[in-house]
Amino acid sequence: MSEITLTEDCMRLISQFESLTGAGARDCVIDDRHDRVIFIINPGEMGLAIGKKGASIKKASEALDRRVEVVEYSDDLVQFIRNCFLPAQVLSIEFEGEEDGQVAHVEVREEDRGLAIGKEGKNILKAKQLLRRQFDIADVELIQE
């Protein structure tokens with residue numbers, strides 16, 4: 001796993017997020033291009049992070065004045081990749097390349113392909129950013145059937 005240094009902005013946002021939701025966050029990615037913050041939530045704390053009917057995540061989003069997205073962390077790389085693409089259903093994941101330049105080839109259900117990519121590619125970008133930071137995965141590619 002790569003060593004992550006959190007910026008002051010990220011530490012401040014994590015602190016605010018944790019106090020607003022009660023869920024623990026281990027990392028965050030500030031995505032100015034899509035006006036969002038992506039938090040990596042401790043395993044088992046997604047319910048707290050989202051809240052009843054989305055109340056916690058909505059409160060955090062309003063307080064931070066940008067869209068808040070959450071992904072549950074897992075030590076298991078394959079499970080973490082699945083979590084990055086939720087709610088799209090991942091069918092298979094294959095890895096190619098060496099330790100320092102590994103590429104994850106991800107296959108999702110055909111009907112979930114648009115969801116996996118996201119508007120302007122923001123969901124696949126999120127997966128790439130998180131996997132680079134958490135597991136040193138060089139790239140993520142969606143497999144064409």
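Presented here is a report on the structure given in the accompanying data block. Owing to the predicted nature of the structure, the values given are computational and were not obtained by experimental measurement. (Residues numbered from 1 in each chain as written. Predicted model: local features only at pLDDT ≥ 70, side-chain atom pairs only at ≥ 80, totals over all residues. Heavy atoms only, no water.)

Let's talk about unusual backbone geometry
For step 1, the next point in the chain: In this model, leucine 86 is joined to proline 87 through a cis peptide bond whose omega is 5 degrees.
For step 2, the next point in the chain: Positive phi outside glycine occurs at lysine 53, with the angle close to 55 degrees.
For step 3, the next point in the chain: With respect to the helices, strands and loops of the structure, lysine 53 is situated in the loop between helix 2 (46-50) and helix 3 (55-64).
For step 4, the next point in the chain: Taking relative accessible area as the criterion, lysine 53 reaches 90% and is therefore assigned exposed.
For step 5, the next point in the chain: We note that aspartate 65 has phi near 60 degrees; this positive angle belongs to a residue other than glycine.
For step 6, the next point in the chain: With respect to the element layout, aspartate 65 can be found in the loop between helix 3 and strand 3 (67-72).
For step 7, the next point in the chain: By relative accessible area, aspartate 65 is classed as exposed at 63%. (Helix = DSSP H or I, 4+ residues; strand = E, 2+ residues; numbered from the N terminus. Buried < 20%, exposed > 50% of the residue type's maximum accessible area, 1.4 Å probe, protein only.)

Topic: the environment of leucine 115
For step 1, the next point in the chain: Looking at the element boundaries, leucine 115 is found in helix 5 (residues 113-117).
For step 2, the next point in the chain: Given a relative accessible area of 39%, leucine 115 falls into the partly exposed group.
For step 3, the next point in the chain: Here the alpha-carbon distance between leucine 115 and phenylalanine 17, two residues 98 residues apart in the chain, equals 26 Å.

Some thoughts on the sheet that holds strand 3
For step 1, the next point in the chain: Read across the sheet, three strands follow the order 1-2-3 without closing on themselves; strand pairing throughout is mixed. The sheet terminates laterally at strand 1 (25-31) and strand 3, the two strands that pair on one side only. Across this sheet, the average inter-strand angle for adjacent strands is 20 degrees, counted without regard to direction.
For step 2, the next point in the chain: Bridge count for strand 2 (residues 36-41) against strand 3 is six bridges, and the pairing is parallel. By the bridge assignment for strand 3, isoleucine 41 is matched with glutamate 72.
For step 3, the next point in the chain: On the sheet, helix 6 (residues 122-135) packs against strand 1, strand 2 and strand 3 and is oriented at approximately 50 degrees with respect to strand 2. (Pairing = 2+ DSSP bridges. Axes fitted to C-alpha atoms, helices over the stretch in contact; angles between N-to-C directions. Contact = heavy atoms within 4.5 Å.)

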